[in-house]
Amino acid sequence: MGQTLGCIQVDQSTVAVKEHFGKFDEVLEPGCHCLPWCVGYQLAGSLSLRVQQLDVRCETKTKDNVFVTVVASIQYRALAGKASDAFYKLSNTKAQIQAYVFDVIRASVPRLDLDSTFEQKNDIAKAVESELEKAMSAYGFEIVQTLIVDIEPDAQVKRAMNEINAAARLRVAANEKAEAEKILQIKKAEGEAESKYLSGLGIARQRQAIVDGLRDSVLAFSESVPGTTAKDVMDMVLVTQYFDTMKEIGSSSKSSAVFIPHGPGAVKDIASQIREGLLQADSLIH
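Residues numbered from 1 in each chain as written. Predicted model: local features only at pLDDT ≥ 70, side-chain atom pairs only at ≥ 80, totals over all residues. Heavy atoms only, no water.

### Focus: the sheet that holds strand β6 (residues 41–48)
Neighbouring strands of a sheet are bound in pairs by backbone hydrogen bonds; such pairs are parallel or else antiparallel. If you walk across this open sheet you meet the 3 strands as β4-β3-β6, and the pairing is antiparallel. Edge positions in the sheet fall to β4 (23–28) and β6, since each of these pairs with one other strand and no more. Pairwise comparison of adjacent strand axes, ignoring direction, gives a mean angle of 30° for this sheet. Here strand β3 (residues 14–20) pairs with β6 via 7 bridges, running antiparallel. Looking at β6, one finds that glutamate 19 is bridged to glutamine 42. (Pairing = 2+ DSSP bridges. Helix = DSSP H or I, 4+ residues; strand = E, 2+ residues; numbered from the N terminus. Axes fitted to C-alpha atoms, helices over the stretch in contact; angles between N-to-C directions.)

### Things to note about the UniProt feature "coiled-coil region" (unreviewed entry) in the protein chain
As recorded in UniProt, the feature "coiled-coil region" (unreviewed entry) lies at residues 157–190. Between the C-alpha atoms that bound residues 157–190 there is a distance of 49 Å. The span itself is 100% helix and 0% strand. (UniProt positions renumbered as here; feature names shortened; annotations may be inferred.)

### What about the sheet that holds strand β8 (residues 67–78)?
Here we have 3 strands laid out as an open sheet, ordered β7-β8-β9, and antiparallel in their pairing. Each end of this open sheet is capped by a strand with a single partner; those strands are β7 (52–61) and β9 (141–153). Adjacent strand axes in the sheet meet at a mean angle of 20° when their direction is disregarded. Summarising the sheet, β7 and β8 pair through 10 bridges and their orientation is antiparallel. Within β8, the position partnered with leucine 54 by the bridge is isoleucine 74. Running at roughly 35° to β7, helix α2 (residues 93–108) makes contact with β7, β8 and β9 of the sheet. Sitting on the sheet, helix α4 (residues 121–136) is in contact with β8 and β9, with an inclination near 145° to β9. (Contact = heavy atoms within 4.5 Å.)

See below:
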């Protein structure tokens, strides 16, 4: 907006207030206007019609006695039809808006606890906007939008809330870890049980194969050598197994020392002991 030789230019989205000998005369729209200062006309000032924003920080406490700082963002503008009211009635528009915001927030937040304050911030914003709309319309201003952009609890309260959240997450993690370890132990026990079962089957099959082999050997030897009895064949088999065992012990470099009888008489004793064990087992079965 400029002034040259009694002519002024009013920029777009702006209005100017014209006075005649100090009294309000009219509102000048954007464009070029004649202002003959020699006959008492003068420019009192200009007023922007653009949307302006004011951020207000208000400290208050909640129903559960937690101090919070509420940050409200107020978007407002002057009305062209009420430019004279907006220009003359308020000396400090921002201070007036801030006072109303303080009043509404400090009346609304103490009725809510901390969690409800976060959940109902839109309701708080609507209450602030409604109160500002009623109050500022009388002064030629329109409230475009009111937002509660932040709610900041006290630092100690925020730290406590974070600790509670962290503890809850750690508890969930511990439960999940314990459940995983439980599953691993169950699977391990199932695997060991299956392994022992299969090992038992293997041993049983091995022993069955040995018994079948001995039976076939006794029958074949008895048929090949007439006059031999099953006892003679078993004694010979036991002697053969005895010497094979001695050979294995002697050929293994990592074997521990083993003291066993090694005379021919010892072989007879071993055979007798095995035979007696088999007979006793057979008697218990039947």
